[in-house]
Amino acid sequence: MEKRMTDAAMQSAQAQLAQAGFTVVDLALFLDTHPDDPGALSYFSDAKARYQQAKAAYQQQVGPVCVSDVDPASGWGWVETPWPWEV
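This section reports on the structure supplied with the text.

Criteria and cut-off values
- Residues numbered from 1 in each chain as written.
- Predicted model: local features only at pLDDT ≥ 70, side-chain atom pairs only at ≥ 80, totals over all residues.
- Heavy atoms only, no water.
- Salt bridge = Lys/Arg side-chain N within 4 Å of Asp/Glu carboxyl O.
- Helix = DSSP H or I, 4+ residues; strand = E, 2+ residues; numbered from the N terminus.
- Buried < 20%, exposed > 50% of the residue type's maximum accessible area, 1.4 Å probe, protein only.
- Patch = residues over 30% accessible without salt bridge, like charges linked within 9 Å, V, L, I, M, F, W, Y side chains within 5 Å.
- Areas by Shrake-Rupley, 256 points an atom, 1.4 Å probe, with all protein chains shown as cover.
- Core = buried A, V, L, I, M, F, W, Y, C linked by side-chain atoms within 4.5 Å.

Here we look at the pattern of salt bridges
For side chains of opposite charge, pairing can occur when their charged atoms come near one another.
Phase 1 of the analysis: According to the stated counting rule, one finds one salt bridge in the structure shown.
Phase 2 of the analysis: Across the pair Lys55 and Asp69 runs a salt bridge whose closest N-O atoms are separated by 3.3 Å. Taken as a pair, Lys55 in helix α2 (residues 38–61) and Asp69 in the segment after α2 lie far apart in primary sequence, 14 residues in all.
Phase 3 of the analysis: Here Lys55 falls in the buried class, since its relative accessible area comes to 17%.

Shown next as structure tokens:
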């Protein structure tokens, strides 16, 4: 199945992934100094789930996020998807 999508759709998928990833990293930094904050732990859990959803959507629409997401059984499609600066 060949993946075709507009530049706007790719940019949207990339933006959603970046925003979700930023939130997870920012919360992790907060939790490094506030490890017992139940609200932050709950928010981190929700943010992590949103990141996983955004990553799955990006991979379905565009391709692997990182090389460890490549399925070798499907061939080496890593180089066939647009690089982030090409979106």
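Looking at a nonpolar patch on the surface
Phase 1 of the analysis: The grouping of Val67, Trp76, Val79 and Trp83 at the surface amounts to a nonpolar patch, some 390 Å² of accessible area in total.
Phase 2 of the analysis: Here Trp83 shows up in the segment after α2.

Thoughts on the nonpolar core
Phase 1 of the analysis: Core analysis: the largest hydrophobic core is formed by seven residues, namely Met10, Ala13, Leu17, Ala20, Ala54, Tyr58 and Val62.
Phase 2 of the analysis: Looking at this core, the elements with two or more residues in it are α1 (7–33) and α2.
Phase 3 of the analysis: The biggest single contributor to this core is α1, with four residues.

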